[in-house]
Amino acid sequence: MNLCLSLWLFAELVLLLEWWSGTECVIYTDPQAYPKYGKENAIVVLNHKFEIDFLCGWSLAERFGVLGGSKVLAKKELAYVPIIGWMWYFTEMVFCTRKWEQDRKTVSKSLLHLRDYPEKYFFLIHCEGTRFTEKKHQISMQVAQAKGLPSLKHHLLPRTKGFAVTVRSLRNVVSAVYDCTLNFRNNENPTLLGVLNGKKYHADLYVRRIPLEEVPEDEAECSAWLHKLYQEKDAFQEEYARTGTFPETPMVPPRRPWTLVNWLFWASLLLYPFFRFLVNMVSSGSSLTLAGVILLFFVASMGVRWMIGVTEIDKGSAYGNMDNKQKHSD
């Protein structure tokens, strides 16, 4: 039931991206790996640079039929976001405080619940821990230099412990790691507000399927493997900046009508009685009632604007900034 309810809500947001703004995401991948997408459990490692990267991930999951059951390793603050955060809590999303001593047991316990999850799912993890900004990148590369690690140009230094515990907890349940590298054509800087305004963006996503057997079990070796993965991701981004394309074969998974049908169903069910209610309130002639309606719309609009602000890069968390430099440890 929770999966069905979450799918109805997720689909509303995916509709904004696919049908309202018309944003299209081209996938570059191995044609032999493509038929497996959506038919197996997978850990998705996605770069975290754009305000709508999560929406592109949801769109990918929806087109492969696993949107309702897909999970994410998210910061605990998101659990308190009205509606979406509450839904995440009830659908067994995995939350972390980004303080490893506190997360060690809680994250492992939450991940173990997914071992017998009855539906196929993508488990999304942003190994960089926070969205890319120039300030955070500068600090992250100082940490990389101090640790003797190669510098990255397009990514932050990945946090390896969360990835290692995810692999360890889901081994023999998850079939592969999907290394996903996202970028937008013509240096587009997509925003959720732009999507709401109907602006069309052009996304390119490079997906590599890596069998989980190739990921080392030892934590130190797994950490080294992840650092190497991000060096490769950085090289792919550099090649994209130079040529405007990723390796492998471009494909566009068909846009399914489900999200549109879902919206039409709820719109027909709710919008007519809602507008009828508004008309009755306005026609009542009561100043107190009109003031109440205006206040309700104001509070609702402020709530929506606040939730959009959660996705904005310049209003992101301070995690990874200078005051957290000493906490940037593997």
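Residues numbered from 1 in each chain as written. Predicted model: local features only at pLDDT ≥ 70, side-chain atom pairs only at ≥ 80, totals over all residues. Heavy atoms only, no water.

Under an unreviewed UniProt entry, the protein has the name 1-acyl-sn-glycerol-3-phosphate acyltransferase delta and belongs to Camelus dromedarius. Checking UniProt for the protein, the heading Sequence similarities (unreviewed entry) contains the comment "Belongs to the 1-acyl-sn-glycerol-3-phosphate acyltransferase family." The Subcellular location (unreviewed entry) comment attached to the protein in UniProt states, word for word, "Endoplasmic reticulum membrane". (UniProt positions renumbered as here; feature names shortened; annotations may be inferred.)

**Let's talk about the pairing of strand 6 (residues 176-184)**
For strand 6, a buried count of nine out of nine residues is recorded, marking the element as mostly surrounded by other parts of the structure. Of the two faces of strand 6, both are covered, the one formed by A176, Y178, C180, L182 and F184 as well as the one formed by V177, D179, T181 and N183. Of the strand pairs in this sheet, strand 2 (residues 42-46) and strand 6 are connected by five bridges, and their pairing is parallel. Counterpart to V44 in the pairing with strand 6 is Y178. (Buried < 20%, exposed > 50% of the residue type's maximum accessible area, 1.4 Å probe, protein only. Helix = DSSP H or I, 4+ residues; strand = E, 2+ residues; numbered from the N terminus. Pairing = 2+ DSSP bridges.)

**Structural notes on the nonpolar core**
Grouped together as the largest cluster of nonpolar side chains are 43 residues, with contacts concentrated most on I52, W88 and Y178. The biggest single contributor to this core is helix 2 (residues 53-63), with six residues. Excluding residues within four positions of it along the chain, W88 makes contact with F10, W58, V72, A74, L78, M93 and F95. Judged by nonpolar contacts, the second largest core, of 34 residues, contains L111, F123, A164 and Y230. (Core = buried A, V, L, I, M, F, W, Y, C linked by side-chain atoms within 4.5 Å. Contact = heavy atoms within 4.5 Å.)

**Topic: the UniProt feature "signal peptide" (unreviewed entry) in the protein**
According to UniProt, the feature "signal peptide" (unreviewed entry) maps to residues 1-25 in the numbering used here. The distance separating the terminal C-alpha atoms of residues 1-25 is 30 Å; by composition the span is 76% helix and 8% strand.

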